[in-house]
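# Structure at a glance
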Amino acid sequence: MMEYQDWLKALIQTAKKIASREYQEEHWFRENRGTEWADEVFLDLEGYAFDLFFKTYSPSFSDAQMRAWTDFSSLLDKYEQKLQRFPDSQAILDDPEWKGVQEAASRFVDAFEHQHIQPSATKPK
């Protein structure tokens, strides 16, 4: 399992990618992409055990961090459920609901990037 600071940093970096339209335009539409955009969005968070981090450290979150986390997680989950198997990247970028996800990701970054929580939870074994 990752150390706390590395784990949080990885989650913040992934949220920054979700928050950034410029990043998405650059990476989702490059030639020889080879993977679907969803790999970057949902699988990165799964790979970094987004939910496990929450379960482990949420007791130490500030109120602002808790709101930012739950808002981002909820909007992202809702958006993922509405997607088709092979979504059109341009349609996603143009979707007002995706803009809401991006804004929630930005609030997540703001809440966690400069206001690091002190892990008080016991590390899972």
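Everything numeric here is computed off the predicted structure, so don't read it as measured data. (Residues numbered from 1 in each chain as written. Predicted model: local features only at pLDDT ≥ 70, side-chain atom pairs only at ≥ 80, totals over all residues. Heavy atoms only, no water.)

## Structural notes on the overall build of the chain
Check the secondary structure of the chain and you find seven helices and zero strands. For the chain, the proportion of its 125 residues judged to be buried stands at 38%. In the chain, once contacts between residues fewer than 6 apart in sequence are set aside, the share between residues at least 24 apart is 77%. Carbon and sulfur atoms form 48% of the exposed surface of the chain, whose accessible area is close to 7,500 Å². (Helix = DSSP H or I, 4+ residues; strand = E, 2+ residues; numbered from the N terminus. Buried < 20%, exposed > 50% of the residue type's maximum accessible area, 1.4 Å probe, protein only. Contact = heavy atoms within 4.5 Å. Areas by Shrake-Rupley, 256 points an atom, 1.4 Å probe, with all protein chains shown as cover.)

## So, the packing of helix α5 (residues 63-82) against helix α7 (residues 96-113)
Taken N-terminus to C-terminus, the directions of α5 and α7 make an angle of 150°; their axes are 8 Å apart at the nearest point. In terms of orientation, α5 and α7 fall into the roughly antiparallel class. Here α5 and α7 pass one another in a crossing that is left-handed. Residue-level contacts link Ala64, Gln65, Ala68, Trp69, Asp71, Phe72, Leu75, Leu76, Lys78, Tyr79 and Lys82 of α5 to Glu97, Trp98, Gly100, Val101, Ala104, Ala105, Arg107, Phe108, Ala111 and Phe112 of α7. Residues belonging to the contact of α5 with α7 are distributed by class as follows: 14 nonpolar, two polar and five charged. (Axes fitted to C-alpha atoms, helices over the stretch in contact; angles between N-to-C directions. Parallel < 35°, antiparallel > 145°, perpendicular 65-115°, else oblique. Left-handed = near helix turned anticlockwise from the far one by under 90°. Nonpolar A, V, L, I, M, F, W, Y, C, P; charged D, E, K, R; others polar.)

## Quick word on the confidence of the model for the chain
Of all residues in the chain, 78% have pLDDT values of 70 or greater, and the mean over the chain is 82. Of all helices and strands in the chain, the one with the weakest mean pLDDT is helix α3 (residues 37-47) (65), whereas α7 scores best (96). (pLDDT = per-residue confidence, 0-100.)

## Description of helix α1 (residues 4-19)
An α-helix turns once every 3.6 residues. As a result, residues three or four positions apart point the same way. Compared with the 22 Å implied by 1.5 Å per residue over 16 residues, the 22 Å span of α1 between its first and last C-alpha is a close match. Of all the residues in α1, the buried ones are Tyr4, Trp7, Leu8, Ala10, Leu11, Ile12, Thr14, Ala15 and Ile18. (Expected span 1.5 Å × (residues − 1).)

## Description of the nonpolar core
Judged by nonpolar contacts, the single largest core of 29 residues is most densely connected at Ile18, Phe53, Phe72 and Trp98. Looking at this core, the elements that each hand over two or more residues are α1, α3, α4 (50-57), α5, α6 (89-94) and α7. Among the elements that take part in this core, α7 stands out by supplying eight residues, more than any other. Each residue touching Phe72, except ones within four places of it in the same chain, is listed here: Ala15, Ile18, Leu45, Phe50, Val101, Ala104, Ala105 and Phe108. (Core = buried A, V, L, I, M, F, W, Y, C linked by side-chain atoms within 4.5 Å.)

## Focus on a negative patch on the surface
A grouping of Glu46, Asp51, Asp77 and Glu80 is seen on the molecular surface, where their side chains present a negatively charged patch. Mapped onto the elements of the fold, Asp51 is located in helix α4. (Patch = residues over 30% accessible without salt bridge, like charges linked within 9 Å, V, L, I, M, F, W, Y side chains within 5 Å. Salt bridge = Lys/Arg side-chain N within 4 Å of Asp/Glu carboxyl O. Lys, Arg positive; Asp, Glu negative; His and termini not counted. Charge placed at Lys NZ, Arg CZ, Asp CG, Glu CD.)

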